[in-house]
Amino acid sequence: MNWEDSSDTADLSAPADGPGDRLVGADADGEDTAVEAALRPKDLEEFVGQEKVREQLDLVLRAARARGATADHVLLSGAPGLGKTTLSMIIAAEMGAPIRITSGPAIQHAGDLAAILSSLQEGEVLFLDEIHRMSRPAEEMLYMAMEDFRVDVIVGKGPGATAIPLELPPFTLVGATTRAGLLPPPLRDRFGFTGHMEFYEPSELERVIHRSARLLDVEIDSAGAAEIAGRSRGTPRIANRLLRRVRDYAQVKADGVITPEIASVALGVYEVDARGLDRLDRAVLQALLKLFGGGPVGLSTLAVAVGEERETVEEVAEPFLVREGLLARTPRGRVATPAAWAHLGLVPPQQGGGPAGSGQQGLFRA
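Residues numbered from 1 in each chain as written. Predicted model: local features only at pLDDT ≥ 70, side-chain atom pairs only at ≥ 80, totals over all residues. Heavy atoms only, no water.

1. Here we look at the overall build of the protein
Point 1. Looking only at helices and strands, the protein has 17 helices and 11 strands in total.
Point 2. By residue count, 47% of the 366 residues in the protein fall in the buried class.
Point 3. Contacts spanning at least 24 positions in sequence make up 73% of the contacts within the protein whose residues lie at least 6 apart.
Point 4. For the protein, the computed accessible surface area is about 16500 Å², with 52% contributed by carbon and sulfur atoms. (Helix = DSSP H or I, 4+ residues; strand = E, 2+ residues; numbered from the N terminus. Buried < 20%, exposed > 50% of the residue type's maximum accessible area, 1.4 Å probe, protein only. Contact = heavy atoms within 4.5 Å. Areas by Shrake-Rupley, 256 points an atom, 1.4 Å probe, with all protein chains shown as cover.)

2. With respect to the sheet that holds strand β7 (residues 193-196)
Point 1. Read across the sheet, five strands follow the order β2-β3-β6-β1-β7 without closing on themselves; strand pairing throughout is parallel. The sheet is open, and its two borders are formed by β2 (99-103) and β7, each paired with just one other strand. Looking at each pair of strands side by side, their axes are set apart by 15° on average, direction ignored.
Point 2. Of the pairings in the sheet, the one linking β2 to strand β3 (residues 125-129) comprises five bridges and is parallel in character. Across the sheet, Arg100 pairs through a bridge with Leu126, a residue of β3.
Point 3. Docked against the sheet, helix α4 (residues 84-95) engages β1 (74-77), β2, β3 and β6 (172-177), running at close to 175° with respect to β3. (Pairing = 2+ DSSP bridges. Axes fitted to C-alpha atoms, helices over the stretch in contact; angles between N-to-C directions.)

3. Some details on the packing of aromatic side chains
Point 1. Following the criterion strictly, the structure yields one aromatic pair and no others.
Point 2. With a centroid separation of 5.5 Å and an interplanar angle of 80°, the aromatic rings of Phe149 and Phe171 are classed as edge-to-face. You can see Phe149 sitting in the loop between α6 (136-148) and β4 (150-155) and its partner Phe171 sitting in the loop between β5 (162-167) and β6, a full 22 residues away along the chain.
Point 3. Under the relative-accessibility criterion, Phe171 is labelled buried at 1%.
Point 4. The residue whose ring lies beneath Arg233 is Phe320, and the NZ or CZ to ring-centre distance is 3.9 Å. (Phe/Tyr/Trp six-rings, centres within 6.5 Å; stacked < 30°, edge-to-face > 60°. Lys NZ or Arg CZ within 6 Å of the ring centre and 35° of its normal.)

4. Topic: the pattern of salt bridges
Point 1. This model, assessed by the stated rule, comprises 17 salt bridges.
Point 2. With a closest N to O distance of 3.5 Å, Glu94 and Arg65 form a salt bridge. Placement of the pair is Glu94 in helix α4 and Arg65 in helix α3 (residues 51-67), with a sequence separation of 29 residues.
Point 3. Under the relative-accessibility criterion, Arg65 is labelled partly exposed at 36%.
Point 4. Its salt-bridge partner being Arg233, residue Asp281 comes within 2.3 Å of it at the nearest N-O pair. Taken together, the residues Asp281 in helix α12 (residues 279-291) and Arg233 in the loop between α9 (222-229) and α10 (236-253) connect sequence positions 48 residues apart. (Salt bridge = Lys/Arg side-chain N within 4 Å of Asp/Glu carboxyl O.)

5. Description of the packing of helix α8 (residues 202-215) against α9
Point 1. As a packed pair, α8 and α9 sit with axes 8 Å apart at the nearest point and diverge in direction by 120°. With respect to their mutual orientation, α8 and α9 come out oblique. By crossing handedness, the relation of α8 to α9 is classed as right-handed. For the pair α8 and α9, the contacting residues are Pro202, Leu205, Glu206, Ile209 and His210 in the first and Ser222, Ala225, Ala226, Ile228 and Ala229 in the second.
Point 2. In terms of residue class, the contact of α8 with α9 is built from seven nonpolar, two polar and one charged. (Parallel < 35°, antiparallel > 145°, perpendicular 65-115°, else oblique. Left-handed = near helix turned anticlockwise from the far one by under 90°. Nonpolar A, V, L, I, M, F, W, Y, C, P; charged D, E, K, R; others polar.)

6. What about the pairing of strand β10 (residues 327-330)?
Point 1. Note that β10 and strand β11 (residues 333-336) share four bridges and pair antiparallel. Bridge pairing links Leu327 to Ala336 in β11.
Point 2. In textbook terms, the turn of a hairpin is the stretch between consecutive antiparallel strands, and for β10 and β11 this stretch comprises two residues.

7. With respect to the nonpolar core
Point 1. Counting 49 residues, the largest nonpolar core has Leu57, Leu87, Ile209, Ile220, Ile228, Val246 and Ile258 as the members making the most contacts within it.
Point 2. Among the elements that take part in this core, α10 stands out by supplying seven residues, more than any other.
Point 3. For Leu87, the contacting residues outside a window of four places in its chain are Leu44, Phe47, Val53, Leu57, Leu76 and Met197.
Point 4. Counting 24 residues, the second largest nonpolar core, distinct from the first, contains Leu120, Leu128, Met141 and Leu183. (Core = buried A, V, L, I, M, F, W, Y, C linked by side-chain atoms within 4.5 Å.)

8. A few points about α9
Point 1. Among all positions in α9, only Gly224, Ala225, Ile228 and Ala229 are buried. Burial along α9 is one-sided: seen end-on, the buried residues are contained in an arc of 135°.
Point 2. Buried residues in α9 make contact with α8, β8 (219-220), α10, β9 (257-258) and α11 (260-269).
Point 3. N-capping of α9 is provided by Asp221, with a side-chain oxygen placed 3.3 Å from the backbone N of Ala223. (Arc of directions from axis to C-beta. Polar contact = N/O pair within 3.5 Å; in protein donor to acceptor, adjacent residues only side chain to side chain.)

9. A look at unusual backbone geometry
Point 1. One non-glycine residue, Glu130, lies in positive phi territory at about 50°.
Point 2. With respect to the element layout, Glu130 can be found in the loop between β3 and α6.
Point 3. Under the relative-accessibility criterion, Glu130 is labelled partly exposed at 28%.
Point 4. Even without being a glycine, Glu271 presents a positive backbone phi close to 60°.
Point 5. Position of Glu271 among the secondary structure elements: in the loop between α11 and α12.

In structure tokens:
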């Protein structure tokens, strides 16, 4: 259960509205980092889900311990909120080693990376989040550090510059990325183990929710956990966030026990529907269905209709709608699927009939 999670208070009268503070957003916010230490599992046995990655990683770590060596470098890829940071901490705990945490955007120069690498202890785990966003000079330095445990520090400038080799103690690099395709092949090939994190099944999220409820001292029944899990978009971070918001509602408006009815009403307050769609998601679908007859419609036109930036619609709302089979991206533009009409309780127009089937549909093509 990877849980970069948290928050203990909430304003029940003010649902999250903007894309930057969405209740169903997978990126961690200030709240999510506040209590993550309490909710994160401490070892692989306690980690819920990701069965294949867990089994493979367990073999890698057991073998390294048996040899008395540092573990191979590990690359973890997958969407935000699935447990990459948690797994990196588990790797360090399983190897009995300290962990150093940094991120790609924080390393803008090769000197930044050299300073970190030169201060590592033998066997230490270096967790590099968003590794695909590291600068190219630092990336090239990392090649040698990963393979030969050595870096060349350049002293001076121009023709008089001198490369001083610096030996590094053996260490384990754990890289995390949400966009593995952006990593150059030379960097990808230097990882001894690569694990891809999948979205969670509802049954797995129910286990996550029950465990978090115990740690937060929240009383919840099985049906209540299932109700929250079904709206969590397959992401433990979102499941934990929704659990905390439902807990707040249950404490203020009910007897503190989370039942399916309480969970449904509470998440209705926060505008998270039965499939995990929030205000922005539904606004995109409603514009696509009601204004443009289901499409096809260009992305820029759809963004204007929703009152959001093009990038917000494309990067924040669309990925989940496509994954849920509610929206399709086509060469002609965005198109709603039959499931989108059914989810909003609307009837698709007849083929070629009405203004949306003829004039508007042709006018707003991408």
